[in-house]
Amino acid sequence: MGEYQNIINERVTDYLISCYRPYNGELAAFRKRAEEDRVPVILPDAETLILNIIRIMKPERILEIGTAVGYSSCCFAEVSGVPVDTVEKKESVAVTARDNIRDMGLQNLITVYTGDGEEVVCGLDHTYDFIFIDAAKSHYRRFFDAAVSKAKDGAVIVCDNVLFKARVVSDEYDPSGKYKTNIRRMREFIDYLLSLDYADTSLIPAGDGLTVTVLKHRG
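Points about the pattern of salt bridges
This model, assessed by the stated rule, comprises 14 salt bridges. Between Arg 61 and Asp 85 there is a salt bridge; the shortest N-O distance is 3.0 Å. Residue Arg 61 is found in the loop between helix H3 (44–57) and strand S1 (62–65), and its partner Asp 85 is found in strand S2 (residues 84–88); the two are separated by 24 residues along the sequence. A single burial state applies to Arg 61 and to Asp 85, both of which are buried. Between Lys 216 and Asp 200 there is a salt bridge, with its nearest N and O atoms 4.0 Å apart. Of the two residues, Lys 216 is situated in the segment after strand S7 (210–215) and Asp 200 in strand S6 (residues 199–204); the sequence distance between them amounts to 16 residues. The exposure class of Lys 216 is partly exposed, given its relative accessible area of 36%. Salt bridges linked by common partners bring Arg 31, Glu 35 and Glu 47 together as one network.

Some points on the sheet that holds strand S3 (residues 110–114)
On the basis of which strands lie adjacent, the open sheet formed by seven strands has the order S3-S2-S1-S4-S5-S7-S6 and mixed pairing. Sheet topology places S3 and S6 at the edges, where each strand pairs with a single neighbour. Neighbour-to-neighbour, the strand axes of this sheet turn through a mean angle of 15°, independent of strand direction. Two strands pair when backbone bridges link them, and S1 and strand S4 (residues 128–133) are joined in this way by four bridges, in the parallel orientation. Residue pairing in the sheet places Glu 64 in a bridge with Phe 132 of S4. This element, H3, spans S1, S4, strand S5 (151–160), S6 and S7 of the sheet and lies at about 175° to S4. Running over the sheet, helix H4 (residues 71–80) touches S1, S2, S3 and S4 and is turned about 170° from S1.

Rules used in this analysis
- Residues numbered from 1 in each chain as written.
- Predicted model: local features only at pLDDT ≥ 70, side-chain atom pairs only at ≥ 80, totals over all residues.
- Heavy atoms only, no water.
- Salt bridge = Lys/Arg side-chain N within 4 Å of Asp/Glu carboxyl O.
- Helix = DSSP H or I, 4+ residues; strand = E, 2+ residues; numbered from the N terminus.
- Buried < 20%, exposed > 50% of the residue type's maximum accessible area, 1.4 Å probe, protein only.
- Pairing = 2+ DSSP bridges.
- Axes fitted to C-alpha atoms, helices over the stretch in contact; angles between N-to-C directions.
- Contact = heavy atoms within 4.5 Å.

So this is what it looks like as structure tokens:
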């Protein structure tokens, strides 16, 4: 297994980040503001990979569960030019996201819904060919299942932060046991994805870990 050593380590991560190039100056400024305010946004190498998936797929409509300040939905809209529906649980955060989206001039492409991810998604009228999940980690399975109910055959569903700062890989990265429940649920979720007979899933060490799931044609 020696050929797998050092695929990801601190030096590799630093190099990957140094290779990052923002899509445009407006998004670069948006990222900088978020990072200065210590607001979590999608990590640079994960962003680059996801945007290339979108470029390859050319989706007709995108769904996001977990808006936060609206950075990733702005990235998706800028690159794809198609409608993006995004769901944020907290109204106060959704207000900030709408302001940021308006500042980016993307309010005609991006719609922010407020509420529980599963409940909101199940009530939407649209179907989607690209879906991004980056919300409460312990609830990924129910968000994923709701997303599948609105996904087209052949859709791609990407889930972010599935390695949870390497804690999912080994309990040694959670020495106090503080995240024990979240770790268990994420491991169960990954096992669930890998067991699905209607989908193929890859686990990728980009950002804080991504799962990329392709739904098969379900007839």
